[in-house]
Amino acid sequence: MPNIVILTGAGISAESGLKTFRDNDGLWENHRLEDVATPEAFARDPALVYRFYNQRRVQLLNQDVRPNAAHIAIAKLQQRIGNKLTLVTQNVDNLHELAGTEDVVHMHGELLSARCLKSGKRFVTHDSFDSNARCECCEEPAGIRPDIVWFGEQPMYMDYIYNKLATADWFLAIGTSGNVYPAAGFVEVAKMAGAKTAELNLDPGANDYMFDYQQQGLATAVVPKFLSQFK
Ligand code: APR
């Protein structure tokens, strides 16, 4: 069985009812990312940043937001091939986990987590919070921030991800527009390591010319079909 690295983006959760970033009516059409998703924005107007992520957390916890057939197909693939699959996601939702996938690598952080501003310690939280919230880890309680990797910050787990890419036989990018690095560069790293590469997306991404194979369509249609070849 080949080593498979899958990278997912907002497109895989679109049919579950969560907005993508760059499509029509996407999150970045309604908010300037410079206002809500940078360390500078957080320093300038923390209330706006807390509110943006509180709203997204509430939307995620809406009962109607459930994993779709694409999340489930990935979870089933993991049940078949175990640690031959590495799932890296840029998404901050928990739909891969709800579908049953284990060891999801959240390179851009998680909505259902907060981080102590002083120690960096991470906490699971389903609640809204703001600048009045205090951490529980420090002697002199410090504030907490959304556990999200903002523009200008270093994505998480990069050593782990590059090690997996170095031994990948297949690299699949699902539901991502290929605009944001370093994730948009994984296809090139995987190719240099000798992997076959495929893009499964509604539209061709900005880096689509790098991929060996392309399947355009809704994630719920193309992902289960494509993954069925890995028996
Ligand atoms: N099925 C498959 N693909 C879809 C679907 C769908 N139902 N709906 C939309 N898409 C595709 C779009 O064609 C688009 O190319 O998903 C892609 C979503 O792209 P973006 O909105 O740019 O999301 P993503 O690539 O995940 O963004 C990367 O940017 O703002 C940051 O940190 C944020 O993690 C995010 C990163």
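Everything quoted here is computed from the prediction, not taken from an experiment. The residue numbering used here restarts from 1 in each chain and proceeds along that chain's sequence as written. Note on the predicted model: pLDDT of at least 70 is required for a residue's local features to be given, and 80 or more for side-chain atom pairs to be given and counted; whole-chain, interface and lining totals, by contrast, use all residues.

Engineer: So what's going on with the overall build of the protein? Which residues, and what values?
Structural biologist: Counting its secondary structure elements, the protein contains 10 helices and nine strands. With the C-alpha coordinates of the protein rotated into their principal frame, the extents come out at 50 × 35 × 30 Å. The contact criterion used is a C-beta to C-beta distance within 7 Å, with each C-beta placed from the backbone. Long-range contacts, defined here as pairs at least 24 residues apart, represent 62% of the contacts in the protein between residues at least 6 apart. Helix and strand assignments come from DSSP, with helices taken as H or I runs of at least 4 residues and strands as E runs of at least 2, each series counted from the N terminus.

Engineer: Lay out the sheet that holds strand β1 (residues 4-8) with the relevant residues and their values.
Structural biologist: Read from one edge to the other, the open sheet built from six strands follows the order β3-β2-β1-β7-β8-β9, with strand pairing classed as parallel. Every other strand in the sheet has two partners, leaving β3 (105-106) and β9 (213-216) as the edge strands with one partner each. Whenever a helix is involved, its axis is fitted only over the stretch in contact; in every case the axis is a line through C-alpha atoms, and angles between N-to-C directions fall within 0 to 180 degrees. Across the sheet, helix α6 (residues 69-81) is in contact with β1, β2 (85-89) and β7 (170-174); its angle to β2 comes to roughly 150 degrees. Most of the contacts of helix α10 (residues 219-227) go to strand β8 (residues 196-201), to which it runs at about 155 degrees, and overall it touches β7, β8 and β9. By definition, two strands form a pair when at least two bridges between them are found by DSSP.

Engineer: I'd like to hear about the domain arrangement of the protein, residue by residue, with values.
Structural biologist: Domains are outlined according to an automatic or database domain assignment. With domains assigned, the protein is organised as domain 1 (4-18 + 67-108 + 154-227) and domain 2 (31-64 + 114-148). Between the C-alpha centres of domain 1 and domain 2 the distance comes to 26 Å. Each partner contributes residues to the interface: domain 1 has five residues there, and domain 2 has four residues. Partitioned by chemical class, the residues of the side of domain 1 that touches domain 2 number two nonpolar, two polar and one charged. Amino acids outside the nonpolar list (Ala, Val, Leu, Ile, Met, Phe, Trp, Tyr, Cys, Pro) and the charged list (Asp, Glu, Lys, Arg) are all regarded as polar, and Gly is one of them.

Engineer: Provide a residue-level description of the confidence of the model for the protein, including the pertinent values.
Structural biologist: Residues at a pLDDT of 70 or more form 100% of the protein, whose mean pLDDT is 96. The ipTM value of the predicted complex is 0.99, and its pTM value is 0.97. Confidence of the predictor at the level of single residues is given by pLDDT, which spans 0 to 100.

Engineer: Tell me about the environment of Pro146, residues and numbers included.
Structural biologist: Mapped onto the elements, Pro146 comes out in strand β6 (residues 144-148). For every residue, the other C-beta atoms within 10 Å of its own C-beta are counted; 20 or more classify it as buried, 12 or fewer as exposed, and values in between as partly exposed. C-beta atoms are placed from the backbone. We classify Pro146 as buried; it has 25 C-beta atoms within 10 Å. Distance from Pro146 to Glu110, taken between C-alpha atoms, is 8.1 Å for residues 36 residues apart in sequence. Filtering out sequence-adjacent residues up to four positions away, Pro146 remains in contact with Tyr53 and Ala114.

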